[in-house]
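For reference, the chains in residue letters:
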Amino acid sequence: CFPSTRSGTASSRIPRSAQRPREPPAPKINYSFQPVFHERTSHEDDSVLTQQLWKLARKSGTLNLANKGLARVPERLYEINEADADSKAANLEKLTIKEEDAWWNQVPLNNLDLSSNALTHLSPKIENLQSLTVLTLHDNALVELPPEIGKLEKLMRLNVSHNKLNVMPREVYSLPELRHLNISHNEFSELDPDISDLHMLEFLDGGHNNIQCLPGGIGFLVRLTSLLLPYNHIKELPPDLVNMRSLQKIDLMQNDLVALPEDMGLLRKLECLYLQHNDILELPDFEGNETLSELHASNNFIKTIPKSMCSNLPHLKILDLRDNKITQLPDEMCLLRNLTRLDVSNNTISVLPVTLASLAHLISLQVEGNPIKTIRRDILQCGTSRILKTLHERAMANKEEAGGSDVGSGMGGISVTRLRGGQTDDGDMPENFPDRYKLRHTRTLAVNLEQLTEVPDQVFQLAKEEGVHVVDFARNQLSTLPNGLQHMREQLTELVLSNNLIGYVPQFISQFTRISYLNLSNNLLNDLPKEFGVLVTLRELNVANNRFELIPNSVYELQGLEILIASENHIKLLNVSGLQCMPRLTTLDLRNNDIDNVPPILGNLTNITHLELVGNPFRQPRHQILMKGTDAIMSYLRDRIPT
């Protein structure tokens, strides 16, 4: 239709019949590059150890090659303790120009981290690293270790967890300085009897293996403080286990144990015992285990709680016996004075003893899953405080029915006065109080829930004579510290006066030269004496739920304080300059106060690893950041410090 246009453009077009000019061929794609998943070559592994890492390791003595995808250890690594050829050939003038690279400023490699790689073997050349004190090899694919590892005579920590090992070279057990050994998450079926030759060993983790039994000579590990063997198939413990007198923690959960050694009491330093998911039928009386604070024995076949066990564990705080076959709780449970958590859920208990109400520190009582008929279900569902209140009311009612006598049918015929060391319920101290044997045996003077307004001096004099160093008068009606406490000023280490009516602390508190724990929570305090700051041995202070509007200046003088709990007060100001004077402070709890501003400089206090600020009226940091934990809070604050 438009011939002129068609004729005008015809000369610029190439006719269809004409041959188009040949275009240059497209370049061939080079497929020779390495795919993401391929077998590592020695050259790739060697290239991981860069010159920068090399120099840093020579200067610091630490080399971190974790998570580098290594299939082999770089060969050059085994020569790291030898002087470089360049350094040997350099003259003095060259070395002084770059003195930091000179051989006399280099330190031998003492810490090597090869974790989270794909290593299957280690070269015998590992023996060249004679100065190693820490060797970390966890999360690899190791199937064996070279015997030459036994020549690392300075090695103190060895971690080979999460590998495929089923045997260790015997030379490992001749390492004279080894203190920490982690062989968990491997394929071991037994522990080599030669492990008893590791006389310096303090920590042993052999969990998540297939270990059937423990060697008889394991008792020679007398310096061991932690023995962790969970998720194995151990059926019996060797008798000489109790010779490991330094043990503080034993973890044997998820095994096939049916019993514990009768003389467990010989482990006098034991603090935590984990026995969940075994086949244990009964518990020993734990006579001698006075330091035991946690006993976890859930998911077993335990039928009874030994009465003697209750009197032998004065410092027990956590008792977990859920999912067993327990039919009755003994009245002697009230002797577990320091118990804070008791879990007996999913048993066959039908009656809760009223003596549980006398456990002044019990904050968690779990009883669900039991056929309890003596307490209404709605009360049980209300939780710990409501249950304990009901039991306390029934204890008082039983006493009135008995005409004021201390022996009631509801107590199973057991004298509450005897259970409480001679203490009666009318606030008076009888002549036979306190029981000398009990004081001497527990080293604890504890009288709770007795409505005491004062304590006679002779009580503390007797406690001093019997070597008591723990005093607990929680949940009474004391208005101040009893004057008689001064008799114990040179031996008192723990003082608990929570839930009283204390309005002031006398100056003589400064005389307690050995006190490490002080609990004054739930009182009426708004200040502390100036002399309070001289308590250099104090490690933990709890003044929660009082009337403080600020943290007293004397608290900032406590150079050794590690834990400060001041929640549930009316504190308005965060004194960061004061907190900076407390270099050992790691835990600071200021929940539910009136703090309206958090200074960003608080983020510079890196010694604080646990910070609680929820429940204050400040706007920043927001609640979402507070919920992420201490690290997030401190990082947020540091980012807002003016530059």
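Note that the structure is a prediction, hence the values are computed from the model and not measured.

## As for the overall build of the chain
So, step 1. The secondary structure content of the chain amounts to 14 helices and 21 strands.
So, step 2. Each of the 643 residues in the chain was classed as buried or not, and the buried ones make up 48%.
So, step 3. Counting contacts in the chain only where the partners sit at least 6 residues apart, residues at least 24 apart contribute 38% of the total.
So, step 4. When the accessible area of the chain is evaluated, it comes to approximately 32,600 Å², of which 49% is carbon and sulfur surface.

## Section: the pattern of salt bridges
So, step 1. Per the stated rule, a full pass over the model turns up 13 salt bridges.
So, step 2. We note a salt bridge from aspartate 320 to arginine 322, for which the minimum N-O separation is 2.2 Å.
So, step 3. By relative accessible area, which is 2% here, aspartate 320 ends up buried.
So, step 4. With a closest N to O distance of 2.9 Å, glutamate 466 and arginine 440 form a salt bridge. With a gap of 26 residues between them, glutamate 466 in the loop between helix H11 (457-465) and strand S15 (470-472) and arginine 440 in helix H10 (residues 436-442) connect regions that are remote in the sequence.

## Overview of the sheet that holds strand S17 (residues 517-519)
So, step 1. Spatial ordering of the open sheet is given by S14-S15-S16-S17-S18-S19-S20-S21, a layout of eight strands whose pairing is parallel. Edge strands, defined here as strands with exactly one partner in the open sheet, are strand S14 (444-446) and strand S21 (610-612). The average angle at which neighbouring strand axes cross in this sheet is 5°, direction not considered.
So, step 2. In terms of strand pairing, strand S20 (residues 587-589) meets S21 through three bridges, oriented parallel.

## Observations regarding H11
So, step 1. Within the sequence span of H11, burial applies to Val459, Phe460, Leu462 and Ala463. The buried residues of H11 all sit within an arc of 160° when viewed along its axis, so they share a single face. Exposed residues pointing more than 90 degrees away from the buried face of H11 are listed as Gln458 and Glu465.
So, step 2. Buried residues belonging to H11 abut H10, S14 and S15.

## Some points on helix H14 (residues 630-638)
So, step 1. Buried within H14 we find Thr630, Ile633, Met634, Tyr636 and Leu637. Buried positions in H14, seen along its axis, are confined to an arc of 160° and lie on one side of it.
So, step 2. Turning to H14, the residues buried within the fold contact S21 and helix H13 (623-626).

## Side note on the packing of aromatic side chains
So, step 1. Counted according to the given criterion, the structure contains two aromatic pairs.
So, step 2. An angle of 50° between the planes, with centres 5.9 Å apart, marks the rings of phenylalanine 460 and phenylalanine 473 as tilted. One end of the pair, phenylalanine 460, is in helix H11; the other, phenylalanine 473, is in the loop between S15 and strand S16 (494-496), with 13 residues separating them in the sequence.
So, step 3. For arginine 76, the ring lying beneath its charged end belongs to tryptophan 54, and the centroid distance is 3.8 Å.

## Points about the side chain of glutamate 466
So, step 1. For glutamate 466, a relative accessible area of 9% gives the class buried.
So, step 2. Look past the residues within four positions of glutamate 466 in its chain and what remains in contact with it is Arg436, Leu439, Arg440 and Arg443.

## As for the nonpolar core
So, step 1. Judged by nonpolar contacts, the single largest core of 101 residues is most densely connected at Leu158, Met168, Leu273, Phe286 and Leu352.
So, step 2. At four residues, the largest contribution of residues to this core is made by helix H8 (residues 384-401).
So, step 3. When residues no more than four places from it in sequence are discounted, the contact partners of leucine 158 are Leu135, Ile149, Met168, Val172, Leu178, His180, Leu181 and Asn182.
So, step 4. Formed by 64 residues, the second largest nonpolar core is a distinct cluster that contains Val459, Val505, Leu538 and Leu574.

## Observations regarding the environment of phenylalanine 548
So, step 1. In this fold, phenylalanine 548 is placed in the loop between strand S18 (540-542) and strand S19 (563-565).
So, step 2. For the pair formed by phenylalanine 548 and leucine 525, sequence separation is 23 residues and the distance between their alpha carbons is 6.6 Å.
So, step 3. If near-sequence neighbours (up to four positions away) are discounted, phenylalanine 548 is found in contact with Leu525, Asn526, Asp527, Leu528, Val543, Asn569, His570 and Ile571.

How each quantity is defined
Residues numbered from 1 in each chain as written. Predicted model: local features only at pLDDT ≥ 70, side-chain atom pairs only at ≥ 80, totals over all residues. Heavy atoms only, no water. Helix = DSSP H or I, 4+ residues; strand = E, 2+ residues; numbered from the N terminus. Buried < 20%, exposed > 50% of the residue type's maximum accessible area, 1.4 Å probe, protein only. Contact = heavy atoms within 4.5 Å. Areas by Shrake-Rupley, 256 points an atom, 1.4 Å probe, with all protein chains shown as cover. Salt bridge = Lys/Arg side-chain N within 4 Å of Asp/Glu carboxyl O. Pairing = 2+ DSSP bridges. Axes fitted to C-alpha atoms, helices over the stretch in contact; angles between N-to-C directions. Arc of directions from axis to C-beta. Phe/Tyr/Trp six-rings, centres within 6.5 Å; stacked < 30°, edge-to-face > 60°. Lys NZ or Arg CZ within 6 Å of the ring centre and 35° of its normal. Core = buried A, V, L, I, M, F, W, Y, C linked by side-chain atoms within 4.5 Å.

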